[in-house]
Every structure is written in C-alpha cells, then in structure tokens.
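Residues per chain, in single letters:
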Amino acid sequence: MQHPLTVLYTPLPQGSTAELVAWRCAFETALEPWLDARQWKHVNRFGRAAWQQDASIADAENCGPTPCGPTPCGQDVVEAALSRLLARALLVTAAARHHRGGPLPQTGMDTRGRPLLSGWQAAFSHSGRAAFCALTPAVAAASATLGLDAEALTSAPPDASAFSQREYSALLPLHQQYRGRESLRRWTVKEAMLKAAGLGLGMQPAQIPTGRSGQRAGQWRGPLGLLCWRTVACPGHWLCVAQAGHVPSARIFLQRQNPPTLLRRLAALRPKP
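What you are looking at is a predicted structure, and each value in this text was computed from that prediction instead of being measured.

What counts, and where the lines are drawn
Residues numbered from 1 in each chain as written. Predicted model: local features only at pLDDT ≥ 70, side-chain atom pairs only at ≥ 80, totals over all residues. Heavy atoms only, no water. Helix = DSSP H or I, 4+ residues; strand = E, 2+ residues; numbered from the N terminus. Buried < 20%, exposed > 50% of the residue type's maximum accessible area, 1.4 Å probe, protein only. Contact = heavy atoms within 4.5 Å. Areas by Shrake-Rupley, 256 points an atom, 1.4 Å probe, with all protein chains shown as cover. Pairing = 2+ DSSP bridges. Axes fitted to C-alpha atoms, helices over the stretch in contact; angles between N-to-C directions.

1. A short note on the overall build of the protein
Scanning the protein from N- to C-terminus turns up 7 helices and 10 strands. Burial status across the protein gives 49% buried among its 273 residues. In the protein, the share of contacts with a sequence separation of at least 24, taken over all contacts with a separation of at least 6, comes to 67%. Accessible surface, the protein: about 13000 Å² in total, of which carbon and sulfur atoms supply 53%.

2. Here we look at the sheet that holds strand S8 (residues 225-234)
A sheet is described by the order of its strands in space; here 4 strands give the open sequence S6-S9-S8-S7, paired in antiparallel fashion. Edge positions in the sheet fall to strand S6 (146-152) and strand S7 (217-222), since each of these pairs with one other strand and no more. Shown here is a sheet whose adjacent strand axes are inclined to one another by a mean of 20 degrees, direction ignored. Relative to strand S9 (residues 237-244), S6 is paired through 7 bridges, and the arrangement is antiparallel. Residue pairing across strands places Leu146 opposite Gln243, the latter belonging to S9. Docked against the sheet, helix H6 (residues 176-197) engages S6, S7, S8 and S9, running at close to 155 degrees with respect to S6.

Here it is, written out as structure tokens:
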C-alpha cells in the first residue's frame, strides 16, 4: 500500500438472485479458512429472517459457512450477505499481500463488533451498491479505533431526528437535491464516528457534531476520547473515515477491485496445512 490509510472497495456483482447466490457461495468457500467463528456468526446473521421457515437452513446459518444451493431468500438479502463477504475478502487479500513470517492469522472480532486482524486496524461499510474496507497498519498498543461509513448518493436521506437543531437549521435553506446530499455527508460522519467508538447506535447520532456545511474534516471529543474524521472522494458515494487521536491524512489511498479479480486473489491464498 502506498499510504498508511487505505480504503478498498468492490461493487456488488450484477445479476439474478441465482447468480448472486453463486457469487456468495464462491466467496464463502474461499473465505472459510480466513474467518474465525465469531466472524462467521456475524456474517450469517444477514438473511436469517428470510430463512425462518426452513429450520435446516437456519441452523446451518448459525453454525458456519452456509451450504450452497437454492434458498428462499430474496435478492436484497443475498446482496447484504454477499457485501459482508466482499468486505472481508478485501481485508484478507490486502493483509496477505503485506504479511511476512508464517501463515496469515484468521480475522476475528472484538467485543464491540469491529474486525480484528493481527498487525492491522480495519473497518467495514456497505452502501448497498458496494462493499468497503478501510485498513491501516496497527501501531503498538493501539486499540481498534478505526471507523468507516459509505452511503450511495442515491440513498434516501436520514430522518431529521439524526441531526441537532443547529445542523437541521443549516440544511433547511439548501435546495432539495443538495439538502439530500449534505444530509448524507453528515450522516456518514456520524456513522463513522460511532463505529470508531464502538458505540453502534448506542448513542443518539444527533449528539455527534459534523461541522459546517460541506466540511471535509473535523474532530469530536466523545465519551471514549478524541475521535477525528475525514471524508474521501469516491464515485457515486459519500465516504468518511474516523480514527482516534488525529485527523486522518488527506492522502488516503482509494482502490477499486472488481469481484472476479478479488475472488481470484482470495482463492490463490494458501492456508496453513
């Protein structure tokens, strides 16, 4: 990687539900050696509701990589599950390119749901159109305080309750099209900060400041200390990276990978015998 902080992304494959299921099966098979049980449990949560009427499939979803074959889930469910697999494939293949000394360890998860991979800080996000992974080499004694959020520009803006009165007042004078985009920009900042803090939606988003209209970087001293953020230019998306202690560098490396290339790189990895 050319810069300390990198954002990798892969657009979701296009196709029928059956074709997307085939993609999901291929990535599940290739990822099986590289994710621990907690990661698989998390990935398999997506789409569980669609499988409630089939106990055998639901049980398989809770136990590890899902069996390939026809499933009763809809396309949106398959896309959500596939996006989670793509993000993890981005992390594993990127880390493998820079790994030295023995087999690559499995990717785990901390108690707040953030990915854990020895030697790296990482974060995932999903826009519905693409899967994203931010990663940077871990510094000694650093905690997993990296957060990432991506929102497609075609997404519906968040509810007004996500914003403070000051933020909402700044949105009102804008033309409707720009108001929607600025709302999404502010939302990515809030989401990235909450993820970096490991708070999820355990804190009201309106409590997290996002600066002036169009602001591209800033900071927030929250309950877990100083968190800083920066938006990143990405085609068709608002993208924001947050981390502890200092504002992310403006030189963030953004790299796109298509699904076939990502799958080939993942399948070429050799797990520990």
